[in-house]
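Take a look at the letters that make up each chain.
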Amino acid sequence: MKKPVWGLLLLLAACRPDPGAADYSGQELPDNLDPDGGTQPSDLLPGPFPYEAGQRRLMVGIFYEAGRSEEIILDNVDSNFYLYENTVYVESDPDHVEGKSADRIVQNGKPWMGFGVHWKQVHNFDAWKTLHVSMKSSDAAFANVKVGMSSGTGTSEKGYQLALTKYGWANDGEWHHLAIPVADYVAAGLKLNDVSSPFTFAAEGGTAGQSLLLDNLYFTAN
């Protein structure tokens, strides 16, 4: 995988429908959804593992709409979502497993592809044990998907990617609900008290238009 060239990163201004201005207000919790476990609107799917009151569940600003106890919103200042060198674009899709829509990641025909959530200020992730994400694709370019986390900032930032086939991923056209132990990133070298990216995505290049659905991204404390 080619290392992203940060100077050529493209900021995605929105991902979910009706994102609002640069403060990403459209990605925050809907007014009629209680983050502490209240009743969810009938048209807002809770996901394959619904949030329950008293649980700890972290949203990291994108690819998730339902209940959570904590969130780090994308503010386009300290927290950003980047497309690496314009290798993909993202559009909303009605085929989803939580919330009101999923996001379709579409290849731009480059020899590699990637994107990620990045923070200017690091966060301590000692409390978070599992990264959850749901994906669906049948396109060959997404056979060897890797999901990563990074620690450190600036020249000291280092990313650690894990192949999702180890966790049950297959590009067979079905939804797969993946649970990745954060401890596996720590074993690879991630520093939990110095996390600068909670989620990066990488795959091989492919024909322009090949795509993957992504939804239901969050962290839990167990």
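The name that an unreviewed UniProt entry assigns to the protein chain is ExoP galactose-binding-like domain-containing protein, with the source organism given as Corallococcus macrosporus.

Engineer: Got a minute to help me understand the overall build of the protein chain in this structure?
Structural biologist: On a plain count of helices and strands, the protein chain comes out with one helix and 13 strands. Relative to its 222 residues, the protein chain shows a buried fraction of 48%. Across the protein chain, the fraction of contacts at a sequence separation of at least 24, relative to all contacts at a separation of at least 6, is 74%. Carbon and sulfur atoms form 50% of the exposed surface of the protein chain, whose accessible area is close to 9700 Å².

Engineer: Help me out: how do you make sense of the packing of aromatic side chains in this one?
Structural biologist: Geometry of an aromatic ring pair is reported as the spacing of the ring centres plus the angle between the planes. What the rule picks out here adds up to 10 aromatic pairs. Judged by centre distance (6.4 Å) and plane angle (45°), the rings of Phe 115 and Phe 199 are tilted. Taken together, the residues Phe 115 in strand β7 (residues 112-119) and Phe 199 in strand β12 (residues 195-204) connect sequence positions 84 residues apart. Given the relative accessible area of 0%, Phe 199 is considered buried. Centroid distance Phe 125 to Phe 219: 5.1 Å. Interplanar angle 85°. Geometry classified as edge-to-face. Of this pair, Phe 125 sits in the loop between β7 and β8 (130-136) while Phe 219 sits in strand β13 (residues 211-220), and the two are 94 residues apart along the sequence. No difference in accessibility class separates Phe 125 from Phe 219, as the two residues are buried. Among the aromatic residues, those joined into a cluster by ring pairs are Phe 63, Phe 81, Phe 115, Phe 142, Phe 199 and Phe 201. Lying over the aromatic face of Trp 128, Arg 56 brings its terminal NZ or CZ to 4.7 Å of the ring centre. Over the ring of Tyr 218 we find Arg 57, and its NZ or CZ is 3.9 Å from the ring centre.

Engineer: Would you explain the pattern of salt bridges in this entry?
Structural biologist: Pairs can form between side chains of opposite charge once their charged atoms are near each other. Inspection of the entire model under this criterion finds four salt bridges. Glu 70 serves as the salt-bridge partner of Arg 56, at 2.8 Å between the closest nitrogen and oxygen. With a gap of 14 residues between them, Arg 56 in the loop between β1 (10-11) and β2 (57-59) and Glu 70 in strand β3 (residues 70-71) connect regions that are remote in the sequence. By relative accessible area, which is 38% here, Arg 56 ends up partly exposed. The closest approach of N and O atoms between Asp 95 and Lys 136, which form a salt bridge, is 2.6 Å. You can see Asp 95 sitting in the loop between β5 (88-93) and β6 (102-107) and its partner Lys 136 sitting in strand β8, a full 41 residues away along the chain.

Engineer: Sorry if this is basic, but what is going on with the pairing of strand β4 (residues 79-83) here?
Structural biologist: Walk down a regular strand and you will see the side chains alternate between the two sheet faces. Taken across its five residues, β4 has four buried, putting it largely inside the fold. Taken together, the five bridges between β4 and β7 define a ladder with antiparallel strand orientation. Bridge pairing links Leu 83 to Phe 115 in β7.

Reading the values: the criteria
Here the residue numbering is sequential within each chain, running from 1 through the sequence in written order. For this predicted model, a pLDDT threshold of at least 70 governs which residues receive local features, and a threshold of 80 or more governs which side-chain atom pairs are given and counted, while totals over whole chains, interfaces and linings are taken from all residues. Hydrogen atoms and water are omitted, and side-chain values are computed over all heavy atoms in the structure. Working definition: helices are DSSP H or I runs of at least four residues, strands are E runs of at least two. Numbering for both runs from the N terminus. Accessibility here uses a 1.4 Å probe with only protein chains present; expressed as a share of the type maximum, an area under 20% marks a residue as buried, one over 50% as exposed, and anything in between as partly exposed. The contact criterion used is simple: two residues touch if any of their non-hydrogen atoms lie within 4.5 Å. In these tables, accessible area is a Shrake-Rupley quantity obtained with a 1.4 Å probe, and a residue counts as shielded only by the protein chains included in the view. Here the aromatic set is Phe, Tyr and Trp, taking the six-membered ring for Trp, and pairing holds for ring centres within 6.5 Å; pairs whose planes are under 30 degrees apart are stacked, those over 60 apart are edge-to-face, and all others are tilted. Any Lys NZ or Arg CZ found within 6 Å of a ring centre and within 35 degrees of that ring's normal is scored as a charge over the ring. Throughout this description, the term salt bridge denotes a Lys or Arg side-chain nitrogen within 4 Å of a carboxyl oxygen of Asp or Glu. DSSP calls a pair of strands paired once it identifies at least 2 bridges connecting them.

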